Amino acid sequence: MTIKLYELTGKDEDIMFGPFCWRSRMSVLHKGLDFELVPWYFTDKSGTEDAGFTTVPTINDNGVWKSDSLEIAQYLDEAYPDKPALINGEAELAQFQLVNAVINSNVFAAAVPAAVMQVYNLLREECQTYFRQTREEALGKTLEEIHGEPEEAKANLAQSLSIFDATFENTPYLGGNKPNYSDYTLFGVLKWIDIVSTYDPISHDTPTGQWFDRISNLYDGYAAKVKTVRS
Ligand SMILES: N[C@@H](CCC(=O)N[C@@H](CS)C(=O)NCC(=O)O)C(=O)O
């Protein structure tokens, strides 16, 4: 009864780092369900493509296939209603939409310069070619032009999180006293950069940095224990 979770990886299969995949990984942990990570590559999507899916996260829950991180969270809530809810009702879904919009407009914009070359360096050669071509086409710049130097990239990332700093001064989690899907949505982006960075990109002395550490230590410290390029 193990859920298969397809996860983006590179040359080292122990380093799995998709920002959206982390949303789903934390979702499955939140639900307390057994899962197995299946390595997935930009240029070898055979594991999911046969089921009609070309992006990750994708899950196979004993024959039920779901793709897209939000759809996966909603499926898990529907399929496992006796386990803790990820998105508890319409108000939490609306809250998620706001958090996701802030992340898309602020945090990703700051995270991409920090992560782009680091992700590229982790990928297998054929995936590097694909990644360069698709990302340069999408962003209209070369990877080298997008790349931000560590000190500046870290400061910009911290700056992009100021709205969350103000929030975490008043609440331990976006879900209140316990995390919900909005927490995992933000966490996914930050864990992605944390895994791929040759330097520690998180400012741990800020309220958001402290929240990051709180989430990392949940579920027996699952996220804190995974392999990063620095470990
Ligand atoms: N909206 C999707 C986005 C998923 C997504 O873009 N995943 C990336 C990896 S982080 C992907 O699979 N890209 C495939 C490609 O670029 O070919 C979600 O939330 O799951």
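See the structure above.
So, how was this worked out
- Residues numbered from 1 in each chain as written.
- Predicted model: local features only at pLDDT ≥ 70, side-chain atom pairs only at ≥ 80, totals over all residues.
- Heavy atoms only, no water.
- Phe/Tyr/Trp six-rings, centres within 6.5 Å; stacked < 30°, edge-to-face > 60°.
- Helix = DSSP H or I, 4+ residues; strand = E, 2+ residues; numbered from the N terminus.
- Buried < 20%, exposed > 50% of the residue type's maximum accessible area, 1.4 Å probe, protein only.
- Salt bridge = Lys/Arg side-chain N within 4 Å of Asp/Glu carboxyl O.

*Asks:* Any chance you could explain the packing of aromatic side chains here in plain terms?
*Replies:* Scanning the model with the defined rule gives 14 aromatic pairs in all. Measuring from ring centre to ring centre gives 5.9 Å for F42 and F131, while their planes differ by 35 degrees; the resulting arrangement is tilted. With F42 in the loop between β2 (35-40) and α2 (46-49) and F131 in helix α5 (residues 125-139), this residue pair connects regions lying 89 residues apart in the sequence. The two residues F42 and F131 agree in class, both being buried. Centre to centre, the rings of F187 and W211 are 6.3 Å apart; their planes meet at 75 degrees, and the pair counts as edge-to-face. With F187 in helix α9 (residues 181-196) and W211 in helix α10 (residues 207-216), the pair connects residues that are 24 residues apart, well separated along the chain. Note on W211: relative accessible area 0%, which makes it buried. Among the aromatic side chains, those forming a connected cluster through ring pairs are W22, F35, F164, F168, F187, W211, F212 and Y222.

*Asks:* What is the right way to read the pattern of salt bridges from this model?
*Replies:* Side chains that differ in sign of charge can pair as their charged atoms come close. The full count for this structure, using the stated rule, is 9 salt bridges. Two residues, R132 and E144, come together in a salt bridge whose shortest N-O distance is 2.8 Å. Of this pair, R132 sits in helix α5 while E144 sits in helix α6 (residues 143-146), and the two are 12 residues apart along the sequence. You can call R132 partly exposed: its relative accessible area is 22%. Note that D194 and R230 form a salt bridge whose closest N and O atoms lie 2.6 Å from each other.

*Asks:* Mind showing me how you'd approach unusual backbone geometry here?
*Replies:* Both trends apply: most residues other than glycine have a negative phi, and most peptide bonds are in trans. In this structure, the amide linkage connecting V56 to the following residue, P57, adopts the cis form with an omega of 10 degrees. The phi torsion at N62 lies on the positive side, around 50 degrees, for a residue other than glycine. Tracing the backbone shows N62 in the loop between β3 (58-61) and β4 (64-67). A relative accessible area of 44% places N62 in the partly exposed class. With a phi angle near 85 degrees, D68 is a residue other than glycine that sits in the positive phi range.

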